[in-house]
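Breakdown of the fold
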Amino acid sequence: MTSHTLNELIAEGVRGRYILVRSDLNVPLDGSTVTDDGRIRASLPVLGKLTDAGARVLVTAHLGRPKGAPEDKYSLKPAVARLAELASFPVSLADDTVGPSAKEKAAALQDGQVLVLENVRFDARETSKDEAERGAFADELVGLTGENGAFVNDAFGAVHRKHASVYDVATRLPSYLGDLVGTEVEVLRKLTADTQRPYVVVLGGSKVSDKLAVIDNLLGKADTILVGGGMLFTFLAAEGHKVAGSLLEEDQIPVVQDYLKRAADAGTDFVIPTDVVVAAKFAADADHETVSADAIEGSSFGAQGIGLDIGPESAAAFAEQIKGARTVFWNGPMGVFEFEAFSAGTRAIAQALTETDAFTVVGGGDSAAAVRTLGFADDQFGHISTGGGASLEYLEGKELPGLSVLDR
Ligand SMILES: Nc1ncnc2c1ncn2[C@@H]1O[C@H](COP(=O)(O)OP(=O)(O)OP(=O)(O)O)[C@@H](O)[C@H]1O
Ligand SMILES: O=C(O)[C@H](O)COP(=O)(O)O
């Protein structure tokens, strides 16, 4: 990569200039409490460098997946409150993204201060497939920077998104690679350049179709793929099993069937859970029991049952695979770890990662949150990446729009 770096921008001089920074503040929330501030902490160094150098920093960020209009539960308020607590520079939040509040607060911003714009996904143009629509939104974001603005992408978790605040603004402003993105790419580059085998990829989480899409390119690259979390039910369904009320993306069944067919030729083994923890409902205190993965509907909860974790037998089998690996990449919790009763699978995988001799990478907002909230320390893993989907796509060898647009 030949992108210009933040240090180069700072050397050019930023005092008094408006610098637009894309950060990843997409943190897990419990109501208005940030349950893991890892991504906020990871965003601090770049903001600190810019404010120390006298820049007026405008931060863009997303939270969750709102439907292109403001929604209280997706406000950046809690994330920005936490950022302000941790920061050594003044931080404020605009009430909108490119509206009157953003304009007024941006105009009043002083050297060394940070203004975060409200969730970029409150504007449908941010994620539009239509380049002109995204471009119009990008123009409005760039308009806030005045005459001599610049753009820094420090949102590693979002570099796989061709979105206005990630991609289109970079075609309109002199653009630079943030330190967090630089560091993350360096670790993943080393991992792909010299992958020690066996290479085991552990996949879980709830963004089922996103994560299923990456498997295509992992076939042949990974020796073993361990399938947990929400996507496991699409695998079970692809094998002809009923999954009751569990998370299932029916339209993805043929895709998974195709993967299963191609796996042997590609030299990749799938390990699919043999037991599942099924709950009566999606709740922390739900009644639950462990059943065989091919008999989910046979649980006491019948067709209402929801699979919320992998069972102990599967967790042990996954741990065994991890023990024998030389490289492990893990994205996506094995179950709904936020509820204690359904956290055992995720805990077992985290534990196995801390015990293997393999180089281990944990990627993703919730995956990183899971290992921390379950009591593991960052230094027990080779690398904890802020990016889940982003790191997976990097490992697949895909071109990431947010990175390639910075290439000169
Ligand atoms: N069986 C399941 N049913 C429903 N939700 C599940 C299940 N297993 C895991 N999850 C949920 O998946 C969520 C995390 O998924 P996600 O795909 O967002 O992972 P991530 O690590 O944040 O990756 P990324 O950074 O790409 O978003 C957790 O909130 C967890 O509760
Ligand atoms: O959580 C993530 O992986 C990033 O913040 C990107 O979020 P997205 O998958 O909703 O684009």
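Definitions and cut-offs
- Residues numbered from 1 in each chain as written.
- Chains lettered and ligands numbered in written order.
- Predicted model: local features only at pLDDT ≥ 70, side-chain atom pairs only at ≥ 80, totals over all residues.
- Pairing = 2+ DSSP bridges.
- Helix = DSSP H or I, 4+ residues; strand = E, 2+ residues; numbered from the N terminus.
- Axes fitted to C-alpha atoms, helices over the stretch in contact; angles between N-to-C directions.
- Near = placed C-beta within 6 Å.
- Nonpolar A, V, L, I, M, F, W, Y, C, P; charged D, E, K, R; others polar.
- Domains from an automatic or database assignment.
- Parallel < 35°, antiparallel > 145°, perpendicular 65-115°, else oblique.
- Left-handed = near helix turned anticlockwise from the far one by under 90°.
- Contact = placed C-beta atoms within 7 Å.
- Core = buried A, V, L, I, M, F, W, Y, C linked by C-beta atoms within 7 Å.
- Buried ≥ 20, exposed ≤ 12 C-beta atoms within 10 Å, placed from the backbone.
- UniProt positions renumbered as here; feature names shortened; annotations may be inferred.
- pLDDT = per-residue confidence, 0-100.

Taken together, the three strands give an open sheet; going across it, the order is β13-β12-β14, and neighbouring strands pair in antiparallel fashion. Each edge of the sheet is formed by a strand with only one pairing partner; in this case those strands are β13 (288-292) and β14 (306-310). Adjacent strand axes in the sheet meet at a mean angle of 40 degrees, parallel and antiparallel pairs treated alike. The sheet contact formed by strand β12 (residues 275-279) and β14 spans four bridges and is antiparallel. Note on β14: the bridge partner recorded for A279 is I306.

Take the site of ligand 2 next. With respect to spatial proximity, the complete set of residues near ligand 2 consists of D24, N26, R65, G157, A158, R161, K207, G364, G365, G388 and G389. Residue classes in the shell around ligand 2 are distributed as one nonpolar, six polar and four charged. Two domains share the shell around ligand 2, each providing at least three of its residues, namely domain 1 (6-180) and domain 2 (195-396).

Inspection of the region around ligand 1 gives 22 residues, with G205, S206, G364, D366 and G388 positioned closest. Mapped onto the shell around ligand 1, the elements with two or more residues apiece are β14 and α12 (365-373). Broken down by element, the shell around ligand 1 gets its largest block of residues, three residues, from α12. Here the residues of the shell around ligand 1 are counted per class, giving four nonpolar, 15 polar and three charged.

Once that is clear, we can look at the sheet that holds strand β4 (residues 56-60). Working definition: the strands of a sheet are paired by backbone hydrogen bonds and lie parallel or antiparallel to each other. Taken in spatial order, the six strands line up as β5-β6-β4-β1-β7-β8 in an open sheet, and their pairing is parallel. Each having just a single partner strand, β5 (91-93) and β8 (175-177) make up the two edges of the open sheet. Each strand axis lies, on average, 25 degrees off the axis of its neighbour in the sheet, ignoring direction.

Here the focus is the packing of helix α2 (residues 38-52) against helix α3 (residues 77-86). Contact pair α2 / α3: the axes reach a minimum separation of 10 Å and the direction vectors enclose 50 degrees. On the basis of their axis angle, the class for α2 and α3 is oblique. Seen from above, α2 lies across α3 with right-handed handedness. In this structure, α2 uses I40, R41 and L44 to contact α3, whose residues at the interface are A79, R82, L83 and L86.

Let us now look at the nonpolar core. Residues I19, V116 and I349 are the most contacted members of the largest nonpolar core, which totals 129 residues. Ranked by residues supplied to this core, first place goes to helix α11 (residues 344-355) with six residues. Leaving out residues up to four positions away in the same chain, I349 has contacts with V202, A315, F318, W330 and M334.

With numbering aligned to this structure, UniProt lists the feature "binding site: substrate" (unreviewed entry) at D24, L25, N26, R39, H62, L63, G64, R65, R121 and R161. For L25, the position within the fold is in the loop between β1 (18-22) and β2 (29-30). With near-sequence residues (within four places) excluded, L25 lies in contact with R39, I40, S43, A61, L63, L76, A79 and L83. Beyond its immediate chain neighbours, meaning those up to four positions away, L63 contacts L25, N26, Y74, L76, A79 and N119.

Here the focus is the pairing of β4. Here β4 lies mainly inside the structure; five of its five residues are buried. The two faces of β4 match: R56, L58 and T60 on one face and V57 and V59 on the other face are all buried. Both β1 and β4 contribute to a ladder of five bridges, which runs parallel. Bridge pairing in β4 places L20 opposite L58.

Detailed conclusions should not be drawn from predicted coordinates in areas where pLDDT is low. Residues with a pLDDT of 70 or more make up 100% of the protein chain, whose mean pLDDT is 97. Interface confidence for the predicted complex, expressed as ipTM, amounts to 0.95; the pTM equals 0.92.

Moving on, we get to the domain arrangement of the protein chain. By the assigned domains, the protein chain splits into domain 1 (6-180) and domain 2 (195-396). Taken together, the 15 residues of domain 1 in the interface contact 12 residues of domain 2. Looking at the side of domain 1 that touches domain 2, the element that brings in the most residues is α2, giving three residues. Counted by class, the side of domain 1 that touches domain 2 contains seven nonpolar, five polar and three charged residues.

Looking now at unusual backbone geometry. With an omega dihedral of 0 degrees, the bond running from R197 to P198 counts as a cis peptide bond. Here the phi dihedral of A244 falls at roughly 50 degrees; this positive angle occurs in a residue that is not glycine. Here A244 shows up in the loop between α8 (232-238) and α9 (253-266).

Mapped onto this numbering, the UniProt entry gives "binding site: (2R)-3-phosphoglycerate" (unreviewed entry) at R39, R121 and R161. Residue position: R39 is located in helix α2. A residue is classified by how many C-beta atoms lie within 10 Å of it, and R39, with 26 of them, is buried. Ignoring sequence-local partners within four residues, the contact set of R39 consists of D24, L25, N26, V27, G157, G365 and T386. Considering the arrangement of structural elements, one finds R121 in the loop between β6 (114-116) and α5 (131-143).

The residue V371 is located in helix α12 in this model. The contact partners of V371, leaving out residues within four places of it in the chain, are A350, V362 and F376.

In this section: the environment of G157. By the element assignment, G157 lies in the loop between β7 (150-153) and β8. For G157, a count of 29 C-beta atoms within 10 Å corresponds to the buried category. G157 sits 24 residues away from V181 along the chain, and the two C-alpha atoms are 8.6 Å apart. Among all residues touching G157, those that are not within four sequence positions of it are D24, N26, R39, G365, T386, G387, G388 and A390.

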